[in-house]
Amino acid sequence: MLELNNTILKSQMALMAMKGTSVIYPNQTIAGQMILRKFYEHKDLLLTLAIGLTQSGKTGAMYSCIREFTNVELTPVPIDNIFIITGLSSCDWLEQTRSRIPECIQKNVYHRPQIKTKFRDALQGKQNILILIDEVQVACGTKQSIATEFSSLNLLDIDFLLDNDIKIVEFSATPNGTIIDSKKWDSHAKTITLNPGPGYVGCKEFQSQGRLRECKDLSGPFGIEAIKEIHSCISEKFLTPKYHFIRTKAATAQEDIIRTFLQVFGDTNINYMKYDMKFDSNIDDILKTQPAKHTFIFLKELARCAKTFTKTHIG
């Protein structure tokens, strides 16, 4: 049964690669192999923290881990024992992550609201487990939901993890806090760096290209001046219509910002959209088509760290 399931997994991975749905790039392959090697070289290793730059391919590295840990000849991890979880409460993350992995493992992807229920139930009675935690810095405080649930499941108990052969891999670009403080785990924890692939563009590249601007409060007393700067930037840099994302504060601040944008840009040659909990369309379906006019999309509480947008027409 284990061999058959792993054959199905390999076939689905190969099919996704052929379609271009999910491709494991060389840097991601290396990351998966490094993580596997750490666990096999250090038999008492329980936790690996994988740190990578924003948009450097952490999802691909997780995908690579799935391939590597199911490929080993000695005690491969059964596909039913591989879990991808996050502290984010994000349906976008859930849908996006599932779409990037084979169908046979999609049921084992959980976001924060499912940790206490579906993840807990799926974990019961199993050994030889691989838990991949995406955006591990989210909701990881000692009194927050993920850490509390991990404690109740004995997943913070070193002896329990060793006895049940449970391996945890944490992924983050900003590991300012983690579910497990790796420094306290001594030989049971290791850290690796995920290197980006060729052509990676990050904050340093944006700065050198003059594409970073100071973050200013668009709703404060000087908000109108900051929005006038945005007007100048769009007029100078974007000669064809684009989508422009503006993240706003909650409550009435969003409406205040939109009114100021209307004051500066007007409503004749500009479109305005709100992307919040009431938005009932697929945002990526909209972004695939170039807008007829410059379009501001005002974000409120959505599209946090895990969401990847279709970028072709974003300004």
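What counts and what doesn't
- Residues numbered from 1 in each chain as written.
- Predicted model: local features only at pLDDT ≥ 70, side-chain atom pairs only at ≥ 80, totals over all residues.
- Heavy atoms only, no water.
- Helix = DSSP H or I, 4+ residues; strand = E, 2+ residues; numbered from the N terminus.
- Contact = heavy atoms within 4.5 Å.
- Lys, Arg positive; Asp, Glu negative; His and termini not counted.
- Charge placed at Lys NZ, Arg CZ, Asp CG, Glu CD.
- Expected span 1.5 Å × (residues − 1).
- Salt bridge = Lys/Arg side-chain N within 4 Å of Asp/Glu carboxyl O.
- Pairing = 2+ DSSP bridges.
- Axes fitted to C-alpha atoms, helices over the stretch in contact; angles between N-to-C directions.

Please give an account of the overall build of the protein chain that cites residues and values.
Along the protein chain, the regular secondary structure elements total 11 helices and 9 strands. Counting only C-alpha atoms, the protein chain reaches 65 × 45 × 40 Å along its principal axes. Within the protein chain, contacts between residues separated by at least 24 positions form 77% of all contacts whose residues are at least 6 apart in sequence. The centroid of the 38 positive side-chain charges in the protein chain is displaced by 4 Å from the centroid of its 34 negative side-chain charges.

Can you break down the environment of Thr308 residue by residue, with the values?
Checked against the element boundaries, Thr308 lands in the segment after strand E9 (294-299). Between the alpha carbons of Thr308 and Arg98 there is a distance of 13 Å; along the sequence they are 210 residues apart. Setting aside chain neighbours within four positions, we find Thr308 in contact with Gln55, Gln96, Arg100 and Asp284.

Explain helix H1 (residues 2-19) to me, and be specific about the residues and the numbers.
Look at H1: 26 Å from first C-alpha to last across 18 residues, which is about the 26 Å you get at 1.5 Å a residue. For H1, the elements touching its buried residues are helix H3 (58-71) and helix H4 (91-99). At the exit of H1 stands Gly20, carrying a positive phi of roughly 80°.

Which residues make up the pattern of salt bridges, and what values go with them?
Here the structure, examined in full by the defined rule, presents 9 salt bridges. One salt bridge in this structure joins Asp165 and Lys167, with 3.0 Å as the shortest N-O distance. Across the salt bridge formed by Asp256 and Arg259, the nearest N and O atoms sit 2.3 Å from each other. With Asp256 and Arg259 both in helix H10 (residues 253-265) and 3 residues apart, this pair spans about one turn of that helix.

Help me get a handle on the sheet that holds strand E7 (residues 243-247), residues and values and all.
Read from one edge to the other, the open sheet built from 3 strands follows the order E7-E9-E8, with strand pairing classed as parallel. Where the open sheet ends on each side, the last strands, each with one partner, are E7 and strand E8 (270-275). For this sheet the average axis-to-axis angle between neighbouring strands, irrespective of direction, equals 25°. When E8 meets E9, the two strands line up parallel, connected through 6 bridges. Counted as the bridge partner of Lys274 is Phe298 from E9.

Quick one: what's the story with the sheet that holds strand E6 (residues 189-194), residue by residue and with numbers?
Spatially, E3-E2-E4-E5-E1-E6 is the arrangement adopted by the 6 strands of the open sheet, whose pairing is parallel. Each edge of the open sheet is held by one strand with a lone partner, namely strand E3 (109-110) and E6. The pairing of strand E1 (residues 47-52) with strand E5 (residues 166-172) spans 5 bridges and is classified as parallel. Counted as the bridge partner of Thr48 is Val169 from E5.

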